[in-house]
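# Fold and geometry: a report
Given next are the chains, with one letter for each unit.
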Amino acid sequence: EPEVTQTPSHQVTQMGQEVILRCVPISNHLYFYWYRQILGQKVEFLVSFYNNEISEKSEIFDDQFSVERPDGSNFTLKIRSTKLEDSAMYFCASSVQGEAKNIQYFGAGTRLSVL
Amino acid sequence: SQQGEEDPQALSIQEGENATMNCSYKTSINNLQWYRQNSGRGLVHLILIRSNEREKHSGRLRVTLDTSKKSSSLLITASRAADTASYFCATGDTGGGAQKLVFGQGTRLTINP
């Protein structure tokens, strides 16, 4: 069964460093998302992406964050200068067009630890 | 409370029993979904119910939606040890375009053998 894959599974970085989290959405999907989950808290929406541009972003998604679809398969989240409070699980998700687009398929996540 | 609040926060039952989890939300929705998350893993979609539907079934899952009360319930019948996980409701506000999901805090379900 097709699945969303995320790499790496765990990323450790120093405060102030840039990180890029990578995702390969399901191949025929057209909508892409990033969410994050701070330990013990709810899953929070960061950004949605369609047709090579951001559709919607949350207040969390400030100027330190950016997303890109550099080729036909990858979808990346970049955090330019990481802060301690960026430590969380980051989930990528994707969905198709049409009736089924409301169902989002999630990757296993990248655990980001900022030291 | 915030959009998508589940209760109880934790539920522990014996294998074979039914588990019921509730979710309340505040704003108008297009659909409400339930997801499962095994420890340290991603979210797995379980079932979606649209705002014009009242009840939906999928295998051992039964979801109800009461838009007048802004609430939903997820019933898992004949629970199994493999059902042990956290369960989240998520509301979607649009039927068109990219859709932001708003998740609740989740219910941690433990099935005791």
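Predicted, not measured: the structure shown is a model, and the values here were computed from it.

Within the secondary structure layout, Thr64 of chain B lies in strand β7 (residues 61–66). Residues contacting Thr64 of chain B, with those up to four places away along its chain left out, are Ile49, Arg54, Glu55, Ser71, Ser72 and Ser73 of chain B.

Residues other than glycine predominantly adopt negative phi, and peptide bonds predominantly adopt the trans conformation. Thr7 of chain A connects to Pro8 of chain A through a cis peptide bond whose omega is -10°. With respect to the secondary-structure elements, Pro8 of chain A resides in the loop between β1 (5–7) and β2 (10–13). Here Asn51 of chain A, not a glycine, exhibits a phi torsion of approximately 55°, which is positive. By the secondary structure assignment, Asn51 of chain A is in the loop between β5 (43–50) and β6 (53–57). Non-glycine residue Ala78 of chain B carries a positive phi angle of around 45°. Structurally, Ala78 of chain B can be placed in the loop between β8 (71–76) and β9 (85–92).

Residues and elements named next belong to chain A. Strand order in the open sheet made by the four strands is β1-β3-β8-β7, with antiparallel pairing throughout. The open sheet is flanked by β1 and β7 (65–68), the only strands paired with a single partner. Sheet twist, expressed as the mean angle between neighbouring strand axes with direction ignored, is 20°. Note: strand β3 (residues 19–24) against strand β8 (residues 75–79), five bridges, orientation antiparallel. Paired with Val19 across the bridge in β8 is Ile79.

About the criteria used
Residues numbered from 1 in each chain as written. Chains lettered and ligands numbered in written order. Predicted model: local features only at pLDDT ≥ 70, side-chain atom pairs only at ≥ 80, totals over all residues. Heavy atoms only, no water. Helix = DSSP H or I, 4+ residues; strand = E, 2+ residues; numbered from the N terminus. Contact = heavy atoms within 4.5 Å. Pairing = 2+ DSSP bridges. Axes fitted to C-alpha atoms, helices over the stretch in contact; angles between N-to-C directions.

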